[in-house]
Amino acid sequence: MSQGLEQTWRWYGPDDPVTLKDIRQAGATGIVTALHHIPIGEVWTPEEIAIRRSTIEAAGLQWSVVESLAIHEEIKTAGPKRDHLLENYRISMRNLASAGIQRICYNFMPALDWTRTHLNAPFGDGSTALSFDLVTFAVFDMLILQRPGAEDDYPESVRQEAAAKMVTMTESELLELEQTCIAGLPGANQGFGMAEFRSAIAKYEGMDAERYREHVRYFLNAIMPTAIEWDVKMAVHPDDPPFDILGLPRIVSSREDIQAYFDLYDHPNNGLTLCTGSLGSNPQNNCVSIADHFLDRIHFVHLRNVTNYDEKSFIEDNHLEGEVDMFEIMRVLLRSKTASLPYRPDHGHRMLFELGRTVNPGYSAIGRLRGLAELRGLELGIARSMS
Ligand code: DNO
């Protein structure tokens with residue numbers, strides 16, 4: 001029997017144009033947030049955590065999930081400062097757990113967090129959506145970044161289309177593409193200029209998935225004993241998109257990857273953020289069966305949908321439409337034994353009067369409001385019909 005789900009909402013902190021008051025009216029009870037003002041790798045002190053927590057509680061909400069306690073590049077690349085950074089990570093985990101916040105989402109994507117090529121792709125109904133288009137990404141990779149060897153990563157047809165597309169793009173479109181790819185999408189906490197990005201990815205030179213997994217193992221061995229001692233549920237986020245890009249190793253892209261990740265440190269607290277949008281962006285991934293298979297290791301859920309228009313290109317769809325069978329996903333989640341498993345509507349279109357306003361890409365108020373409303377209706381309908 002399910003212990004129920006918790007409806008949550010991502011909030012970027014006091015600078016977020018969507019306020020805690022708005023979120024309350026959206027119907028969420030839990031907040032998903034991070035101390036975005038603290039540089040990656042520095043300790044989250046008890047004082048900073050307490051300030052954020054009391055702000056949230058004063059609005060009648062609770063801080064349910066940390067997204068993200070980001071992992072420093074030195075940890076991912078096994079740089080000389082990694083042990084010191086891991087110690088800081090453990091201290092932040094303990095400080096959070098002492099404040100009652102015991103669910104942490106993070107990712108192990110090399111150099112970049114999530115990646116898109118378009119932040120305002122026209123959607124059929126007049127709203128706009130985020131999308132990832134392989135040809136456009138190849139323009140960035142081969143022709144703007146000019147990464148050595150990039151050509152080998154794309155089929156001939158994509159290379160040709162990319163070259164043809166590049167000549168039709170204006171200077172400002174090329175700059176916008178560069179920024180969309182590497183300047184840092186919301187939550188990434190880190191953006192790059194071109195030179196900086198080239199040196200960030202150079203640190204991964206010659207690193208295959210097998211070696212990268214050894215860095216994950218080192219990370220998990222360093223932090224999981226603390227997670228277990230303090231009962232912190234660690235929830236790794238899948239790669240987004242869930243396939244290799246920029247010649248960098250990706251290790252959380254499929255069901256097999258997730259299993260391998262758990263095998264590196266076999267404990268229930270070493271768990272997953274089920275992100276249906278990320279996993280669903282590879283047509284080979286069956287999200288329902290992944291959710292079902294790993295249900296007891298799912299500590300946090302992002303519900304989002306996608307329509308894939310080829311193997312490696314997709315547009316973010318409405319929450320109940322697209323590749324992911326949201327009805328079946330919800331049915332699986334409602335069987336979870338976790339007390340109050342938090343889920344959030346992941347991303348939303350820009351629509352209605354937000355079309356002309358500045359919003360954090362993907363994190364509109366109205367698009368997510370629509371998503372949450374649909375999802376909570378689905379949840380209620382299924383839960384009632386099961387009882
Ligand atoms: C994008 C988000 C990701 C996610 C991180 C988790 O919208 O889902 O940025 O927060 O990858 O560490």
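Scoring rules and cut-offs
Residues numbered from 1 in each chain as written. Predicted model: local features only at pLDDT ≥ 70, side-chain atom pairs only at ≥ 80, totals over all residues. Heavy atoms only, no water. Helix = DSSP H or I, 4+ residues; strand = E, 2+ residues; numbered from the N terminus. Buried < 20%, exposed > 50% of the residue type's maximum accessible area, 1.4 Å probe, protein only. Polar contact = N/O pair within 3.5 Å; in protein donor to acceptor, adjacent residues only side chain to side chain. Contact = heavy atoms within 4.5 Å. Pairing = 2+ DSSP bridges. Axes fitted to C-alpha atoms, helices over the stretch in contact; angles between N-to-C directions. Parallel < 35°, antiparallel > 145°, perpendicular 65-115°, else oblique. Left-handed = near helix turned anticlockwise from the far one by under 90°. Nonpolar A, V, L, I, M, F, W, Y, C, P; charged D, E, K, R; others polar.

Draft legend 1. Broad picture of the side chain of S281. Residue position: S281 is located in the loop between helix 11 (276-280) and helix 12 (287-293). We classify S281 as buried; its relative accessible area is 0%. One polar contact links the side chain of S281 to the main-chain carbonyl oxygen of G277, over a distance of 2.7 Å. What S281 contacts, discounting residues up to four positions off in sequence, is P242, F243, V306, N308, E311 and F314.

Draft legend 2. A look at the sheet that holds strand 8 (residues 270-275). Taken in spatial order, the eight strands line up as 1-2-3-4-7-8-9-12 and close into a barrel, and their pairing is parallel. Averaged over all pairs of adjacent strands, the angle between strand axes in this sheet comes to 30°, irrespective of strand direction. With four bridges joining them, strand 8 and strand 9 (residues 298-303) adopt parallel strand pairing. Across the sheet, C275 pairs through a bridge with H302, a residue of strand 9.

Draft legend 3. Geometry of the packing of helix 13 (residues 326-333) against helix 14 (residues 366-386). Axis separation between helix 13 and helix 14 bottoms out at 10 Å; the angle between their running directions is 60°. What the angle tells us is that helix 13 and helix 14 run oblique. Of the two possible hands of crossing, helix 13 and helix 14 adopt the one that is right-handed. Listed contacts from helix 14 to M326, F327, M330 and R331 of helix 13 are L375, L378, E379 and I382. For the contact of helix 13 with helix 14, the per-class residue count stands at six nonpolar, no polar and two charged.

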